[in-house]
Amino acid sequence: MTRRMKITLGAMAAVALSTAAFASEVSPDAVEFTDDGVTVSLTGVAGDPAAGAEAFKSRKLGNCLACHTSTDMSKELFHGDVGPSLDGVASRWEQPMLRAIVVNSKHVFTDETVMPGFYSLNVGQDVAKDFVGKTILTAQQVEDVVAYLGTLKE
Amino acid sequence: MKRLLIAGVVMAAAFAGSGPVMADPVDDTLEIDGTPIVTRAKAPEGHPFDEVYSGWLFREAETRDAERDSIENPGMIAVEDGEVLWNKVEGTAGKSCASCHGDAAESMKGIGASFPKWDADSKKPINVELQINKCRTEQMGAEALAFNKGGQQELTSYIKYQSLGMPVEIDLTQGDMQAWWEKGKDVYYTRMGQLNLACASCHEKAMGKFIRADHLSQGQVNGFPTYRLKSGLTSLHQRFRGCIRDTRAEQPKAFSDELMALETYVTWRGTGLSVETPSVRQ
C-alpha cells in the first residue's frame, strides 16, 4: 500500500465513523414516548454523570438550578424553586421517565408545565435567529444529564 | 402511618429551612417623603389574581429602603435631569415643554397614572415616551427622541414622578383601547422562544417563587422607569425586551404595536397600585 492510499483510507474511515455516530442519534422529532417514558438512549453512548452535572448547572446549557434546588449542588449559588427539589429524584422516577422529562416534560406532566423541553423543536413563537431549529441540549448532553440525575438517590 | 406522616412534616420543614428565605410578598408598607404608596390593591374584575402587588414587596430590605428614602434613591437623579429638560428650549418654534404646560407639578399630575391612553390622531394607544415625541415634532419643531436616547428616560421619569402615590387607572373605554388590551392579553399568554415561556409562566404561575436569585413578582409596571441596582435606569420597553430575550425569542422593537399592546394590558394588570416612579429594583 502506498503512503498516499493509507492517508485516503484513513480519512474515509474517519468520515464513516462520524456519519455512523450521527445516524444512530435519534433526532428531536423522532423521539418515541411510551408509557414508561423514553426507553431508547438518544445516542447509544452511555451518559457521563460528571459531564451531566456540568450541563445541569451551566447557565448556558441546562440551567436546571434556575428552577430546582439540589443538596448535591449546595456549593453552587442561587437555586430556584419554580420546580420541586431534585433530591432523591432517581428514587421517584425510572431512567426512561427521567429521559422523557428532560427531552420534553410536557409529555410527562401537562402542556401547562413551565419546564422547557430540552431536546424538542416544539417550542414557542418567534425563536431568536441564533436558536432556530436548535434544541437547548444536544442528544449526548441529555444522556449525560439523565446519567447525573440517576445518581440523585434517596 | 402516623409516624410516616410526622417524618414527612419534619422533612418538609427541613426543606423549607434550607430553601430560599422568602416566598411571598413581604409584609411591609411604603411611604415616600410623606406620600403613602399603595403596594397591594384589590385586583380589578376579570383579573387572574385577587390582589395585585407592587414589585417592591418582592425585593430585599436594602432595595426597599433605597426606594423609601428619596435622598438615597439613585433614580431621583433622573428626575432632576428630567426637570432640566422640561425647561429646555428646543426646536424651530423656540419653545420648551414649560412654555405650554407651565408647572409640571400641576399640568402633569395624573399623567403617569392614566397612560397609556387612546390617541385619536394615530389611532393607537400612546404612552408618555411617544407623547413627548408627539409634542416635540408637532408643537416644538424638534426631532423625535430615539428609544432610550436624548433624555427620553429622564423626561419620562420626571413626568411620571408628578403622579407619585396616585393609583394607576387607565381608560379602556376610549377608541379601540379594549381591542389593544385584548391583543396585549394574547401576547401575555403566548409562549415564546426556545424556552417556550409566556409572561404568565413566570409572573403568574411562578409568582412568589425564585428563579435563580430572582424573587418573581407579578411583573408590574407602576414603577417605571425604574432604577436597577445592577444596571441603572431602565425603561419599560427595555424591561419587556429583556424578559423576552431571556426566553430566547426575537425581541420586538420598542414602541412596536406588540409592545404597546403589552404595555396597555400589563398597566391594567396593576390597576390600583400607586405610581412609584422612579422605583428601585435589583
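Remember, predicted model here, so these are calculated numbers, not experimental data.

Visitor: Is there a simple way to explain the overall build of chain B in this structure?
Guide: Along its length, chain B carries 12 helices and 11 strands. Here the C-alpha radius of gyration of chain B, 20 Å, is about what a compact globule of 282 residues would show, namely 19 Å. Dimensions along the principal axes, computed over C-alpha positions, put chain B at roughly 85 × 40 × 35 Å. Here chain B holds 282 residues, and 52% of them are scored as buried.

Visitor: I keep staring at the nonpolar core and nothing clicks. Help me out?
Guide: As a rule of thumb, nonpolar side chains are buried together in soluble globular proteins. If you look at the biggest cluster of nonpolar residues, it comprises 37 residues, and the most contacted ones within it are Leu42, Phe56, Val102, Tyr119, Val142 and Leu149 of chain A. Of all the secondary structure elements, the ones that give two or more residues to this core are α2 (49–57), α4 (95–104) and α5 (139–149) of chain A. Once residues lying within four places of it in the same chain are set aside, the contact partners of Leu149 of chain A are Phe56, Leu86, Val89, Ala90, Leu98 and Val102 of chain A. Residues Leu172, Met177, Cys199 and Ala200 of chain B belong to the second largest nonpolar core, which totals 26 residues.

Visitor: For this particular structure, what's the right way to read the pattern of salt bridges?
Guide: Pairing between side chains becomes possible if they bear opposite charge and their charged atoms approach one another. Residue and element names in this part refer to chain B. Scanning the model with the defined rule gives 14 salt bridges over all chains in all. Salt-bridge contacts for Lys134 lead to Asp119; the nearest nitrogen and oxygen are separated by 2.9 Å. Separated by 15 residues along the polypeptide, Lys134 in helix α7 (residues 128–140) and Asp119 in strand β5 (residues 117–119) bring together distant segments of the chain. Here Asp246 makes a salt bridge to Arg245, at a shortest N to O gap of 3.4 Å. Given a relative accessible area of 48%, Asp246 falls into the partly exposed group.

Visitor: I'm lost on the domain arrangement of chain B in this one. Help?
Guide: Accessible area lost on assembly of the parts is the figure often given for the size of an interface. Residues and elements named next belong to chain B. Domain annotation for chain B reports domain 1 (22–72 + 171–281) and domain 2 (76–161). Centre-to-centre separation of domain 1 and domain 2, based on C-alpha positions: 22 Å. In this assembly, 25 residues from domain 1 lie in contact with 25 residues from domain 2. The largest contributions to the domain 1 side of the interface with domain 2 come from Met177, Leu233 and Phe255, which together make up 25% of the buried area. Our enumeration of links across domain 1 and domain 2 arrives at one salt bridge. The partner of Lys124 in a salt bridge is Asp257, and the shortest N-O contact between them spans 3.0 Å. Every element with two or more residues in the side of domain 1 that touches domain 2 is listed here: α9 (177–189), β10 (232–234), α11 (236–245) and α12 (257–269). In terms of residue count, α12 provides more of the side of domain 1 that touches domain 2 than any other element does, five residues in total.

Visitor: Is there a simple way to think about the side chain of Asp119 of chain B in this case?
Guide: All names here are of chain B. Residue Asp119 is classed as buried on the basis of its relative accessible area, which comes to 8%. Of note is the side chain of Asp119, whose polar atom sits 2.7 Å from the side chain of Ser122. Apart from residues lying up to four places away in sequence, Asp119 is in contact with Lys124, Ile126 and Lys134.

Visitor: Help me out: how do you make sense of the sheet that holds strand β11 (residues 279–281) of chain B in this one?
Guide: Backbone-to-backbone hydrogen bonds pair the strands of a sheet. The strands run either parallel or antiparallel. Residue and element names in this part refer to chain B. Spatially, β10-β9-β11 is the arrangement adopted by the three strands of the open sheet, whose pairing is mixed. Each edge of the sheet is formed by a strand with only one pairing partner; in this case those strands are β10 and β11. If you compare each strand with its neighbour and ignore which way they point, the axes differ by 35° on average. Of the strand pairs in this sheet, strand β9 (residues 226–228) and β10 are connected by three bridges, and their pairing is antiparallel. Looking across to β10, one finds that Tyr227 is bridged to Leu233.

Visitor: What is the right way to read empty space enclosed by the protein from this model?
Guide: Empty space among the atoms becomes visible once a probe the size of a water molecule is rolled across them. Residues and elements named next belong to chain B. With the rule as written, the count across this model stands at three cavities of 30 Å³ or more. Taken as a whole, the largest cavity holds about 130 Å³ of empty space. Forming the boundary of the largest cavity are 16 residues, of which Gly112, Lys160, Val221, Asn222 and Thr267 lie nearest the centre.

Visitor: Would you explain α4 of chain A in this entry?
Guide: Within an α-helix, residues lying three or four positions from one another point in the same direction, as the helix has 3.6 residues per turn. Residues and elements named next belong to chain A. Taken across its 10 residues, α4 has nine buried, putting it largely inside the fold. When α4 is considered as a whole, its buried residues turn out to be Pro96, Met97, Leu98, Arg99, Ala100, Ile101, Val102, Val103 and Asn104. Looking at the buried side of α4, the elements it contacts are α3 (89–92) and α5.

Visitor: Just checking my understanding: could you explain the interface of chain A and chain B for this structure?
Guide: Contacts between chain A and chain B engage 33 residues on the former and 22 residues on the latter. Of the roughly 2,400 Å² buried between chain A and chain B, counting both surfaces, carbon and sulfur atoms make up 52%. Where chain A meets chain B, there are zero salt bridges. Counting the contacts that link chain A with chain B gives 19 residue pairs in polar contact (both at pLDDT 80 or more). Split into classes, the residues belonging to the side of chain A that touches chain B amount to 13 nonpolar, nine polar and 11 charged.

Visitor: What is the right way to read the packing of aromatic side chains from this model?
Guide: Two descriptors summarise a pair of aromatic rings, namely the distance from one centre to the other and the angle between the planes of the rings. Residues and elements named next belong to chain B. Counted according to the given criterion, the structure contains 10 aromatic pairs over all chains. Summarising the aromatic geometry, the rings of Trp181 and Tyr265 are spaced 5.3 Å apart at their centres and angled 70° between planes, so their arrangement reads as edge-to-face. With a gap of 84 residues between them, Trp181 in helix α9 and Tyr265 in helix α12 connect regions that are remote in the sequence. Relative accessible area serves as the criterion here: at 9%, Trp181 is assigned to the buried category. Taken together, the ring pairs in this structure connect Trp181, Tyr188, Tyr189, Tyr265 and Trp268 into an aromatic cluster.

Cut-offs applied
- Residues numbered from 1 in each chain as written.
- Chains lettered and ligands numbered in written order.
- Predicted model: local features only at pLDDT ≥ 70, side-chain atom pairs only at ≥ 80, totals over all residues.
- Heavy atoms only, no water.
- Helix = DSSP H or I, 4+ residues; strand = E, 2+ residues; numbered from the N terminus.
- Rg over C-alpha atoms; globule rule 2.2 N^0.38 Å.
- Buried < 20%, exposed > 50% of the residue type's maximum accessible area, 1.4 Å probe, protein only.
- Core = buried A, V, L, I, M, F, W, Y, C linked by side-chain atoms within 4.5 Å.
- Contact = heavy atoms within 4.5 Å.
- Salt bridge = Lys/Arg side-chain N within 4 Å of Asp/Glu carboxyl O.
- Domains from an automatic or database assignment.
- Buried area = accessible area lost by both parts, 1.4 Å probe.
- Polar contact = N/O pair within 3.5 Å; in protein donor to acceptor, adjacent residues only side chain to side chain.
- Pairing = 2+ DSSP bridges.
- Axes fitted to C-alpha atoms, helices over the stretch in contact; angles between N-to-C directions.
- 1 Å grid on protein atoms, 1.4 Å probe; cavity = no way out; pocket = protein on both sides within 12 Å on 5 of 7 lines; lining within 4 Å.
- Points joined across faces, edges and corners; volume = space filled by probe spheres on them.
- Nonpolar A, V, L, I, M, F, W, Y, C, P; charged D, E, K, R; others polar.
- Phe/Tyr/Trp six-rings, centres within 6.5 Å; stacked < 30°, edge-to-face > 60°.

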